[in-house]
Amino acid sequence: MQRRYDGCPGVGGVVHLLPTMFGHVPGVSIGALFPDRVALAVAGVHRPRRAGICGRAREGAESVILNCAFVDDEDRGDIVLYTGSGARHPRTGRQIGDQTLTRSNLALAQSARRGLPVRVSRGAGRRGWDPPAEGYRYDGLYRVADYHPATGEDGYRIWRFRLEAVAGESRAAP
């Protein structure tokens with residue numbers, strides 16, 4: 001089944017409809033570098049050009065971007081404590097309200113429930129485990145081992161997702 005994802009780039013003015021795909025993207029190896037989010041999207045590694053989570057609430061999450069953009073994110077390599085989406089100030093990056101378990105957050109929860117792998121890419125210029133010098137790097141598959149609500153550093157409810165590298169399927173895998 002083919003779906004159109006908002007924000008998907010087109011080539012030559014044409015939007016390419018790509019099927020929902022969990023797991024590795026054929027032809028893209030772990031450690032592959034991409035100059036920007038458009039290149040990630042065209043390759044099918046992470047399709048949204050802005051959102052950090054790619055997925056649908058009913059199906060699950062296909063991919064995430066690690067930029068440690070939220071103050072509550074923790075990137076330890078093989079284990080990532082990933083903050084869900086929503087209620088973030090666009091300029092300061094700080095939480096300005098409670099997050100809900102809907103939309104892309106629910107997609108990550110669905111991946112946990114269904115045992116679906118999530119593609120992880122890391123962006124340059126942010127704190128975290130071994131970020132690339134520039135652009136983005138595909139770092140392989142992780143599983144959503146756990147998720148729960150928590151009170152974030154800014155005092156609002158966040159959704160916390162524990163991502164664990166899949167052995168042999170990630171740069172950070174033990």
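Residues numbered from 1 in each chain as written. Predicted model: local features only at pLDDT ≥ 70, side-chain atom pairs only at ≥ 80, totals over all residues. Heavy atoms only, no water.

## Focus: the packing of aromatic side chains
Operational definition: Two rings from Phe, Tyr or Trp (for Trp, the six-membered ring) form a pair when their centres sit within 6.5 Å of each other. Planes less than 30 degrees apart are called stacked, planes more than 60 degrees apart edge-to-face, and all others tilted. Starting at the N terminus, helices and strands are each numbered in turn, a helix being any DSSP run of H or I of at least four residues and a strand any DSSP run of E of at least two. Three labels apply to residues, based on accessible area from a 1.4 Å probe with only protein chains included: buried if under 20% of the type maximum, exposed if over 50%, partly exposed otherwise in between. Criterion for a charge above a ring: Arg CZ or Lys NZ at most 6 Å from the ring centre, at most 35 degrees from the ring normal.
Going through the model one piece at a time under the given rule, you end up with two aromatic pairs. Seen in terms of ring centroids, Tyr147 and Trp159 are 6.3 Å apart; in terms of plane orientation they differ by 45°. Their pairing is tilted. Here Tyr147 is found in strand β11 (residues 136-151), whereas its partner Trp159 is found in strand β12 (residues 157-170), with 12 residues between them in sequence. Overall, Trp159 belongs to the buried group, its relative accessible area being 12%. Ring centres of Tyr147 and Phe161 lie 5.9 Å apart, and the angle between their planes is 25°; on these two criteria the pair is classed as stacked. In this pair, Tyr147 is assigned in strand β11 and Phe161 in strand β12, connecting sequence segments 14 residues apart. A connected cluster of aromatic rings, assembled from ring pairs, spans Tyr147, Trp159 and Phe161. Positioned above the aromatic ring of Phe70, the side-chain terminus of Arg88 is 4.9 Å from the ring centre.

## Focus: helix α2 (residues 103-114)
Here is the rule we go by: In this analysis, the expected span of each helix is defined as 1.5 Å times one less than the number of residues it contains. By the convention used here, residues are in contact when the closest approach between their heavy atoms is within 4.5 Å.
The end-to-end C-alpha distance of α2 is 16 Å, a good match for the 16 Å that 12 residues give at a rise of 1.5 Å each. Looking only at α2, the buried set comprises Ser104, Asn105, Ala107, Leu108, Ala109, Gln110 and Ser111. At its buried positions, α2 is contacted by β6 (53-56), β7 (60-66), β9 (79-83), β10 (117-123), β11 and β12. Gly115, located one to two residues past α2, shows a positive phi value of around 70°.

## Description of the nonpolar core
As a reminder of what qualifies: Side-chain atoms within 4.5 Å are what join buried Ala, Val, Leu, Ile, Met, Phe, Trp, Tyr and Cys residues into a set we call a nonpolar core.
Ranked by internal contacts, the top residues of the largest apolar core, which has 18 residues, are Val64, Tyr82, Leu108, Tyr142, Phe161 and Leu163. The greatest single-element share of this core, amounting to four residues, is contributed by β12. Val25, Val28, Val45 and Tyr136 belong to the second largest nonpolar core, which has 10 residues in total.

## A look at unusual backbone geometry
Phi is positive for Ala87, close to 60°, though the residue is something other than glycine. Considering the arrangement of structural elements, one finds Ala87 in the loop between β9 and α2. Located in the positive-phi region is Asp130, a residue other than glycine, with phi close to 40°. Looking at where Asp130 falls in the secondary structure, it is placed in the loop between β10 and β11. Owing to a relative accessible area of 36%, Asp130 belongs among the partly exposed residues under this scheme.

## Focus: the side chain of Ser170
The test is simple: Pairing of N or O atoms within 3.5 Å defines a polar contact, subject to two protein rules: one partner must be a possible hydrogen donor and the other a possible acceptor, and residues neighboring in sequence count only if both atoms are side-chain atoms.
Along the chain, Ser170 turns up in strand β12. In this structure the side chain of Ser170 is engaged in a polar contact, spanning 3.1 Å, whose partner is the backbone oxygen of Asp139. A polar side-chain atom of Ser170 sits 3.1 Å from the main-chain amide nitrogen of Ala172. Look past the residues within four positions of Ser170 in its chain and what remains in contact with it is Ile30, Asp139, Gly140, Leu141, Tyr142 and Ala165.

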